[in-house]
Amino acid sequence: MKEFNIDFMGFRKIATICSLVLVVASLASLAINQLNWGLDFTGGSLVEVEYENSANPNAIRLQLDEAGFQGHVVQFFGSDKDILVRIPPQKNLTDKENARLGDRITAVLKEGGQGVDLRRSEFVGPAVGEELTNQGGLGLLAALGSVMVYIAFRFQLKFAIGAVTALFHDVIITLGAFSIIGWDFDLTVVAALLAVIGYSLNDTIVVSDRVRENFRKIRKSNPTAIINTSLNQTLGRTLVTSFTTLLVLVALLVMGGEQIRGFAIGLTIGVVIGTYSSIYIAANVLLAMGISKEDLAIPIKEGQDDPDMMEMPDR
Amino acid sequence: MLNKYPLWKNLLVLTAVVLGVIFSLPNIYPPDFAVQVSSENNGESVTTDALDAAVASVEEAGFDYFDPMITPDGNILIRFKTDTEQRQAKSVIQRAMFDAPGEYVVALNAAASTPEWLKDLRAEPMKYGLDLRGGVHFLMEVDTESVVTNRIDSLETDVKRKLREQKIRYKSVDSPRRGVLHVSFRDEDVRSAARSELESQYREFTFSNGDDEFPYLALTITQNAIDEMEDFAISQNLQTIRNRVNELGVAEPLVQRLGRNRIVVDLPGVQDTAEAKRILGKVATLQFRFEAKPDAPRSTTINFDYEGRDATLEKNIILRGDRVVDAQVGFDPDSGLPQVNITLDSEGGNLMHRSTRNNIGRRMGTVFIETKTRDSYEMVDGVEVRKSEPYVVKRVVSLATVQAALPRQFRITGLGAGEARELSLLLRAGALAADMYIVEERTVGASMGQENVDQGAMSVSIGLSLVLLFMLVYYRVFGLAANLGLMINLTLLVAVMSSIGATLTLPGIAGIVLTVGMAVDANVLIFSRIREELKNGLSPQSAINAGFERAFTTILDANLTTLIVAVILYSIGTGPVKGFAITLSIGILTSMFTALMCTRAIVNLMYGGRNIKSLSI
């Protein structure tokens, strides 16, 4: 089996710069390009239809223009027979009429001559979209907050700050990727982001756990060396788990179909970034905050001697 | 001894595995194509006569049916070999049930083909969400604002009339903001006269004095009353929707209140959204008419069906259902018998009073009018085509003797408990409900649903195979143990989801796939720890033990934090996010159990208590 002995912390300056660049670029893109908000958040209608033979988006656009629809987006979805039409709420229509927009579009498309099969149709009212946006944001914050409390309680505040910094790092960069490339950002991507938080956390905790253990076990060493040792010891596990997770995500990307593509992409990016951040961000923050043995000393109670023994009694 | 589980732990693992297998087993039996016949009255069971009629019709038409039965929920299920037969049989049964006594909903359904012995253990297959079986999902919002506004409007007319009747002169009446009515007077004496007159009559309002240009009296509706009115409006709309969904012929509809003022309507299998919307949007109406006098000329009377007999009523309508504000089941304080308490709006009260005061002793009928659709089948160019045509059903739902001049609030007595409930529902269904509009709609075509199932199953199996292969190559014998654990994990996950009745959705499948990828993490942690301990010079047996022991806290912390995230995801999420969160949460729990208990048991069985020199890890 392989043994790792990489001086991770020797690269910490470069890693910090890399992370900063990515985070700043992501934030800039989020500010300038924003996200390509999906239907779930903007409200509006969406119709997915399958044509008998390959479809012609230009002809369909013309068809919809003639029928008087405004602001529609027509695109292929998965194959050249599959067409997705997205349309914002029409200003000249009432709320009730807008709710029936999908039916009207389907009717117009069916008039085109070719056999058209309705595969999916969605309508989201503007109020619902706003609620979902708030809920999504609130959920992310609630997740980050409660995780921080748990880690501060189970480990120590510095670890909690390290872990949450890593989470922010992962979420911001994943969001940035969606913003820069312009992928649709819908509810499933929010689910993916929260899964990324869960995943990245998992990684960070494994590393932190080892850091804590080594700080208590290795007596004569400086924090940097201890963290390096811990990272090397957990590297095998980190890589194997990331690899198996990526394996299934690739299966999901290739086989899962268009509807969960956003989810799969979001998670794939998140897992890669999360693996990196558990090595560089969380540990880096720990060092930057000057983690020391004293932070992890277990208050010695009467009748118990070795703190190490207390934590992991050998059986 | 090291690495030997006590018997109870082995038994625990074994029990979990056996239960997991049993409760996940129903999912491998593909559902049958079935036609479901249910009573139009929600919750009422169909009779064996109806079953006989339905079976006779398919028998006569020569279909290859099997297993006709009445389910515990009181529905008829008749199964067929192919979906073509199922669809053809549906129209045959529909025609037969139309002639049979009673009203029925005939719908296509997928009937679980769980074998008897599994059914006896209450093992059921997982339910599929709309995105997997196709169908329509509506989220409707009830306009509760207008309910309050309407109440204030009717209060305004009411108050004006009362004050006029009592000869109390007011200057003006207006509603400066939602839920408040201001009545201004010339001076404070008039105001206090008005206040003492009104205060006892409107208990759902709080009264306060104010001074503007003139002294005024402010009537503010209480929050309690608003809540009550909103609840009433929602339950009324719920009832109306349930009645109409019946018409759509949906096998397992879901109509449910969501939050304060929303209603979720899930209609699996429905494809024609336009039709669904039209039917859901329909209004039933209600009329009150006197029973015709025996000597009344035929030209002034009209006949309606009343419990199977004819009732002859006057053509002249006393008032219509849009004047009904409320209808509740109550009990006669004297006799304790059930009754229906009806409240009309002020104009309705006037009309009712004027008409009834000279007709005491006559009977008054309540006519319920509903537009329904009927499917007929026609052969066009050799193909059977379904045609839906609307038809109107009018029937008398109550015929009661007028015992006094009726005021705004009156009651109908002499009813059974069931009748009273039914009548109050019908009165409310016919009353002018609060406006309702669609705020979210999702339709998934049937072909798309099937495709989602196929793609989902495909990604799970490919993802699983890849992980199994990798683990086997990387950890060899221990990889085998981990793989067995992973299979058990999947089985348990499916078993738990099936037995708690969770709904499987596309994001849920994504959650399963992710669980497969992440579930091995615990094993990887343990195995790398064992490798380390071996390197540190521990004997194989101690290394195995130390690996499991030391990895325990790490696994616990890592999984608990992820579980926190999953629970938050569940509590804030809607639709797709919830489906993902459920599978993720259950997956975390089952994978912790399998990694810590099952894999350990397997490793113990393989290595425990033996003298071994090296480990295949």
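This structure is a prediction, so every number in the text was calculated from the model and none was measured. (Residues numbered from 1 in each chain as written. Chains lettered and ligands numbered in written order. Predicted model: local features only at pLDDT ≥ 70, side-chain atom pairs only at ≥ 80, totals over all residues.)

Peer 1: Explain the overall build of chain A to me, please; I cannot follow it from the model alone.
Peer 2: Assigned secondary structure in chain A consists of 12 helices and 6 strands. Relative to its length of 315 residues, chain A is extended, with a C-alpha radius of gyration of 25 Å against a globular reference of 20 Å. Considering only intrachain contacts with a sequence separation of at least 6, the fraction spanning at least 24 residues in chain A is 76%. (Helix = DSSP H or I, 4+ residues; strand = E, 2+ residues; numbered from the N terminus. Rg over C-alpha atoms; globule rule 2.2 N^0.38 Å. Contact = placed C-beta atoms within 7 Å.)

Peer 1: Where do I start with the overall build of chain B in this structure?
Peer 2: The secondary structure content of chain B amounts to 15 helices and 23 strands. Here chain B has a C-alpha radius of gyration of 33 Å; the compact-globule value for 617 residues is 25 Å, and the former is much larger. Considered along the principal axes of its C-alpha atoms, chain B spans approximately 105 × 75 × 50 Å. Counted over contacts in chain B with a minimum sequence separation of 6, partners at least 24 positions apart contribute 72%.

Peer 1: It is not clear to me how the sheet that holds strand 3 (residues 73-77) of chain A should be interpreted in this structure. Could you clarify?
Peer 2: Strand pairing in a sheet takes place through backbone hydrogen bonds and is either antiparallel or parallel in direction. On the basis of which strands lie adjacent, the open sheet formed by 8 strands has the order 3(A)-4(A)-2(A)-5(A)-22(B)-6(B)-12(B)-11(B) and antiparallel pairing. Here the strands that pair on one side only, and so sit at the sheet edges, are strand 3 of chain A together with strand 11 (254-258) of chain B. Averaged over all pairs of adjacent strands, the angle between strand axes in this sheet comes to 20 degrees, irrespective of strand direction. Where strand 2 (residues 44-51) of chain A meets strand 4 (residues 79-87) of chain A, 6 bridges bridge the pair, whose relative direction is antiparallel. In the sheet register, glutamate 48 of chain A faces strand 4 of chain A, and the bridge partner there is leucine 84 of chain A. Its contacts with the sheet put helix 12 (residues 446-499) of chain B on strand 5 (116-124) of chain A together with strand 22 (436-444) of chain B, and the angle it makes with strand 5 of chain A is roughly 85 degrees. (Pairing = 2+ DSSP bridges. Axes fitted to C-alpha atoms, helices over the stretch in contact; angles between N-to-C directions.)

Peer 1: Please clarify how the interface of chain B and chain A should be interpreted in this entry.
Peer 2: Interface size, as often reported, equals the accessible area lost upon joining of the parts. Every contact between the two is made by 62 residues of chain B and, on the other side, 62 residues of chain A. Taken together, the residues that form the side of chain B that touches chain A break down as 34 nonpolar, 17 polar and 11 charged. As paired strands, strand 5 of chain A and strand 22 of chain B are joined by 5 bridges and run antiparallel to one another. Bridge assignment links phenylalanine 123 of chain A to a residue of strand 22 of chain B, and that residue is glutamate 441 of chain B. (Nonpolar A, V, L, I, M, F, W, Y, C, P; charged D, E, K, R; others polar.)

Peer 1: It is not clear to me how the sheet that holds strand 1 (residues 32-39) of chain B should be interpreted in this structure. Could you clarify?
Peer 2: All names here are of chain B. Across the sheet, 4 strands lie side by side as 2-3-1-4; this open sheet has antiparallel pairing. Across the chains shown, the open sheet's two edge strands, defined by having one partner strand only, are strand 2 (65-70) and strand 4 (104-111). Here the average twist between neighbouring strands, direction ignored, is 20 degrees. Both strand 1 and strand 4 contribute to a ladder of 8 bridges, which runs antiparallel. Its bridge partner being in strand 4, serine 38 is matched across the sheet by valine 105. Against the sheet, helix 2 (residues 48-61) touches strand 1, strand 2, strand 3 (76-80) and strand 4, its axis set at about 20 degrees to strand 3.

Peer 1: Looking at this structure, how should I read the confidence of the model for chain A?
Peer 2: For any part of a model where pLDDT is low, the fine detail of the predicted coordinates should not be relied upon. Residue and element names in this part refer to chain A. Residues with a pLDDT of 70 or more make up 93% of chain A, whose mean pLDDT is 85. Of all the helices and strands in chain A, helix 12 (residues 307-311) carries the lowest mean pLDDT, 43, while helix 1 (residues 12-32) carries the highest, 94. A low-confidence stretch, residues 302-315 (pLDDT under 50), is modelled with 11 contacts involving residues beyond four sequence positions or located in other chains. (pLDDT = per-residue confidence, 0-100.)

Peer 1: What is the right way to look at the pairing of strand 3 of chain A in this model?
Peer 2: The side chains of a regular strand alternate between both faces of the sheet. Residue and element names in this part refer to chain A. Bridge count for strand 3 against strand 4 is 5 bridges, and the pairing is antiparallel. Paired with glutamine 75 across the two strands is leucine 84, which belongs to strand 4. What sits between the antiparallel neighbours strand 3 and strand 4 is a turn of 1 residue, in which glycine 78 has the positive phi angle 90 degrees.

Peer 1: I keep staring at the pairing of strand 2 of chain B and nothing clicks. Help me out?
Peer 2: Residues and elements named next belong to chain B. In this sheet, strand 3 lies alongside strand 2 in antiparallel orientation, the contact comprising 4 bridges. Its bridge partner lying in strand 3, tyrosine 65 is registered against phenylalanine 80. Taking the residues between adjacent antiparallel strands as the criterion, strand 2 and strand 3 are bridged by 5 residues, where glycine 74 takes a positive phi near 85 degrees.

Peer 1: So what exactly am I meant to see when it comes to the packing of helix 1 of chain A against helix 7 (residues 157-181) of chain A here?
Peer 2: Two quantities define a packed helix pair, namely the angle between the axes and the distance from one axis to the other. All names here are of chain A. Here helix 1 crosses helix 7 at 50 degrees, and the two axes come no closer than 8 Å. By the angle between their directions, the pair helix 1 and helix 7 is classed as oblique. Of the two possible hands of crossing, helix 1 and helix 7 adopt the one that is left-handed. Residue-level contacts link Ser19, Leu22, Val23, Ala25, Ser26, Leu27, Ser29 and Leu30 of helix 1 to His169, Ile172, Ile173, Leu175, Gly176, Ser179 and Ile180 of helix 7. Split by residue class, the contact of helix 1 with helix 7 holds 9 nonpolar, 6 polar and no charged. (Parallel < 35°, antiparallel > 145°, perpendicular 65-115°, else oblique. Left-handed = near helix turned anticlockwise from the far one by under 90°.)

Peer 1: Help me out: how do you make sense of the nonpolar core in this one?
Peer 2: If you look at soluble globular proteins, the nonpolar side chains tend to sit buried side by side. Formed by 135 residues in total, the largest nonpolar core has its most connected members in Ala191 and Leu194 of chain A together with Val513 and Val516 of chain B. Per-element accounting of this core gives the leading share, 18 residues, to helix 12 of chain B. Excluding residues within four positions of it along the chain, leucine 194 of chain A makes contact with Gly139, Leu140 and Ala143 of chain A together with Val565 and Leu569 of chain B. Within the second largest apolar cluster, 68 residues are counted, among which are Phe63, Ala89, Met97 and Leu248 of chain B. (Core = buried A, V, L, I, M, F, W, Y, C linked by C-beta atoms within 7 Å. Buried ≥ 20, exposed ≤ 12 C-beta atoms within 10 Å, placed from the backbone.)

Peer 1: What's the story with the packing of helix 1 (residues 7-24) of chain B against helix 12 of chain B in this structure? I'm lost.
Peer 2: Residues and elements named next belong to chain B. Orientation of helix 1 relative to helix 12, taken along the N-to-C sense of each, is 55 degrees, at an axis distance of 8 Å. Between helix 1 and helix 12, the angle falls in the class oblique. For the pair helix 1 and helix 12, the sense of crossing is left-handed. Along the contact surface, helix 1 presents Ala16, Val17, Leu19, Gly20, Val21, Phe23 and Ser24, while helix 12 presents Ile488, Thr491, Leu492, Val494, Ala495, Ser498 and Ser499.

Peer 1: I'm lost on the domain arrangement of chain A in this one. Help?
Peer 2: The domains assigned to chain A are domain 1 (8-37 + 129-295) and domain 2 (44-124). Computed from C-alpha atoms alone, the centre-to-centre distance between domain 1 of chain A and domain 2 of chain A is 39 Å. (Domains from an automatic or database assignment.)

Peer 1: I keep staring at unusual backbone geometry and nothing clicks. Help me out?
Peer 2: Excluding glycine, most residues fall at negative phi; most peptide bonds, likewise, are trans. Residues and elements named next belong to chain B. Although it is not a glycine, arginine 122 sits at a positive phi angle of roughly 65 degrees. On the secondary structure map, arginine 122 appears in the loop between helix 4 (116-120) and strand 5 (127-128). When the 9 C-beta atoms within 10 Å are taken as the criterion, arginine 122 is described as exposed. Located in the positive-phi region is arginine 476, a residue other than glycine, with phi close to 45 degrees. With respect to the helices and strands, arginine 476 occurs in helix 12. In this structure arginine 476 comes out as partly exposed when scored by C-beta crowding, with 13 C-beta atoms within 10 Å.

Peer 1: Help me out: how do you make sense of helix 10 (residues 346-356) of chain B in this one?
Peer 2: An α-helix turns once per 3.6 residues; consequently, residues spaced three or four apart project the same way. Listed in full, the buried residues belonging to helix 10 of chain B are Ser346, Gly348, Gly349, Met352, Ser355 and Thr356 of chain B. Against the buried residues of helix 10 of chain B lie helix 6 (144-165), strand 16 (319-320) and strand 18 (338-344) of chain B.

Peer 1: For this particular structure, what's the right way to read helix 2 of chain B?
Peer 2: All names here are of chain B. Given a rise of 1.5 Å per residue, 14 residues ought to cover 20 Å, and the 20 Å separating the end C-alpha atoms of helix 2 matches this to within 8%. For helix 2, every residue scored as buried is listed here: Ala50, Ala53, Ala54, Ser57 and Val58. The arc enclosing the buried residues of helix 2, seen along the axis, measures out at 125 degrees, which places them on a common side. Away from its buried face by more than 90 degrees, helix 2 exposes Thr48, Asp49, Ala56, Glu59 and Glu60. Buried residues along helix 2 sit in contact with strand 1, strand 2, strand 3, helix 3 (83-99) and strand 4. Count one or two residues on from helix 2 and you reach glycine 62, which has phi positive near 80 degrees. (Expected span 1.5 Å × (residues − 1). Arc of directions from axis to C-beta.)

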